[in-house]
Amino acid sequence: MTALTLVVPSPSGLSPLEKAQRLRGEFAAHAAESDRQGRFSRENIAALHANRLLALAVPREFGGRDVSLHEAVAVVRAIGAGDPSTALVLLMQMLHHRAIAKGGTWPAHIRARVFEAAVKDGALINALRVEPALGSPVRGGLPATVARRVPEGWRISGRKLYSTGSPALRWGIVWGATDEEKPRVGEFLVPLDAPGVSIVPTWDHLGLRASGSDDVVLEDVLIPADHAVDLRRPEDWVVADVGRNAWLPLMLAGMYDGVAQAARDWLVGFLKARTPSNIARPLSSVPRIQAVVGEIEALLQANDALLEHVPALLDSGGPAAAGVNPELVKYTVTTNAIAAVEKALGTTGNHGLTRVNPLERHYRDVLCSRVHQPQNDLILEGGGRRVLAS
């Protein structure tokens, strides 16, 4: 088995994007082995922390960077090109740190504890929302995870699926309902080293196999009363309309574009090196092959324009930003990314589908873009509704 190495921290003068670009090659070198074994890469997480990338969205007052959307997308694109499983963990870290900082519902001392742990220890956090019966709560319904009020606080029981990063999470933001006569629904902050929490290694997926998206089981887990960080009546949880929450769709778009970039880069190297005996020249010199590469480049150039322009526009907050629909950007970028990798596969034949080469892994990974919320049907329905109502 290949020895995994810890990246030496980058010089402090480098920007987060420059650090991410340095880590890309390190992560890519071990991505195939992690994928084949379905093994969560703690070494990658340690490298992110050593390079101060796990606190990018933590407010500056707590020692973080309070990163812009444009910078967050760029970092996730770079890490996604190296190992998208690691990029997904980083993406969720930034997403929830920003939500906690900007939401204003969490108690101040709990926010501080989460932020300080991220800066000091690289402590990971993610939301635990999906359930066996409920599916994703974005489509409605009450969770089966129940919190009972007790004198010491709350006792929570339930099972959560697809809990990305679960082997290394410090905190889980558990979506659950109270056992009150009129249940409230919301977020409970659960330390995942608490008695009654167990991680069940169920993740055996087609793509993103190293993301550690296992099941988390909670059996009568006791948390303090103030760890019910955001409880509301069910009707008060309004699912954001298309385009309102830019961070999730744009970071996901960036991550999957990174996968397509890695596929394109491998393809270019393969075509330059491959010289079939029947033509006695590299495949890269064949006009038909050049045209396919041109098609791939057109797709990725369109992605680049969207991922550079839209986050910067939203960061600026100018009048033009009001007309931007980030979820349609996710739809366009991920559709282009899938098409780019499919074209690469069609060009390479058996070589592309052979596991010794990374292209088939890139294809399995990029297909996962269709699973992540917001999903395509909701994006298109919401996008069309906005236009028809305007």
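Please refer to the structure higher up on the page.
Each value, and the rule that gives it
As a convention, each chain's residues are numbered from 1 in the sequence order in which they are written. Residue-level local features of this predicted model are given only where pLDDT is at least 70; pairs of side-chain atoms are given and counted only at 80 or more, and the full residue set underlies all totals for whole chains, interfaces and linings. Working from all heavy atoms in the structure, the side-chain values ignore hydrogens and water. Salt bridges are defined as contacts in which a side-chain nitrogen from Lys or Arg sits within 4 Å of a carboxyl oxygen from Asp or Glu. Where helices and strands are cited, they refer to DSSP runs of H or I of at least four residues and of E of at least two residues respectively, numbered from the N terminus. Only protein chains enter the accessibility calculation, which uses a 1.4 Å probe. A residue is then buried if its area is under 20% of the maximum for its type, exposed if over 50%, and partly exposed in between. Note on contacts: a residue pair is in contact if any heavy atoms of the two residues lie within 4.5 Å. Residues enter a nonpolar core if they are buried and are Ala, Val, Leu, Ile, Met, Phe, Trp, Tyr or Cys, with the set joined through side-chain atoms within 4.5 Å. For two strands to be treated as a pair, DSSP must find at least two bridges joining them. A helix is expected to span 1.5 Å multiplied by its residue count minus one. Our arc is simply the arc of the directions from the helix axis toward the C-beta atoms.

Student: Talk me through the pattern of salt bridges; I want residue IDs and the actual numbers.
Tutor: Evaluation of the coordinates by the stated rule reveals 23 salt bridges. With a shortest N-O distance of 3.9 Å, Arg355 and Asp35 are connected by a salt bridge. Of this pair, Arg355 sits in the loop between α9 (350–353) and α10 (359–367) while Asp35 sits in helix α1 (residues 16–37), placing them 320 residues apart in sequence. By relative accessible area, which is 43% here, Arg355 ends up partly exposed. The exposure class assigned to Asp35 is buried, which follows from its relative accessible area of 6%. Close ionic contact of Arg170 with Asp121 constitutes a salt bridge, the shortest N to O distance being 3.4 Å. Remark: Asp121 occurs in helix α5 (residues 108–121) and Arg170 occurs in strand β4 (residues 169–178); sequence separation between them is 49 residues. Owing to a relative accessible area of 32%, Arg170 belongs among the partly exposed residues under this scheme.

Student: How would you summarise unusual backbone geometry if you had to cite specific residues and measurements?
Tutor: Following Gln373, the chain continues into Pro374 via a peptide bond in cis, with omega recorded as -5 degrees. Positionally, Pro374 belongs in the loop between α10 and α11 (376–389). In the Ramachandran plot, Arg52 falls in the positive-phi region, its phi being about 60 degrees despite a non-glycine side chain. You can see Arg52 is positioned in the loop between α2 (42–50) and α3 (69–82). Arg52 sits in the exposed class, given a relative accessible area of 51%. Despite not being glycine, Leu208 has its phi angle at roughly 50 degrees, a positive value.

Student: Quick one: what's the story with the environment of Ala228, residue by residue and with numbers?
Tutor: Its place among the elements puts Ala228 in strand β8 (residues 228–232). In this structure, the C-alpha to C-alpha distance between Ala228 and Trp106, residues 122 residues apart in sequence, is 8.6 Å. Setting aside chain neighbours within four positions, we find Ala228 in contact with Trp154, Glu187 and Phe188.

Student: Can you tell me about the nonpolar core, naming the residues and giving the values?
Tutor: In terms of nonpolar packing, the biggest core is built from 86 residues, with Leu48, Ile79, Met94, Phe188, Val190 and Met251 touching the most fellow members. Sorting elements by how many residues they give to this core places helix α6 (residues 247–273) first, with 15 residues. When neighbours within four sequence positions are excluded, Met94 is seen to be in contact with Leu56, Ala57, Val67, Ala72, Val76 and Met251.

Student: Describe the pairing of β8, naming the residues involved and giving the relevant values.
Tutor: Of all the 5 residues making up β8, 4 are buried; the element is thus mostly covered by neighbouring parts of the structure. Alignment of strand β5 (residues 185–191) against β8, held across 4 bridges, turns out to be antiparallel. Following the sheet pairing, Gly186 is matched in β8 by Leu231.

Student: For α11, give the residues involved together with the corresponding values.
Tutor: With 14 residues, α11 extends 20 Å from end C-alpha to end C-alpha; this agrees with the ideal 20 Å at 1.5 Å per step. Those residues of α11 that sit buried are Ile379, Gly382 and Gly383. Taken around the axis of α11, the buried residues stretch over an arc of 100 degrees, which confines them to a single face. Opposite its buried face, α11 presents the exposed residues Leu388 and Ala389, each directed more than 90 degrees away. In this fold, the buried residues of α11 make contact with α8 (326–348).

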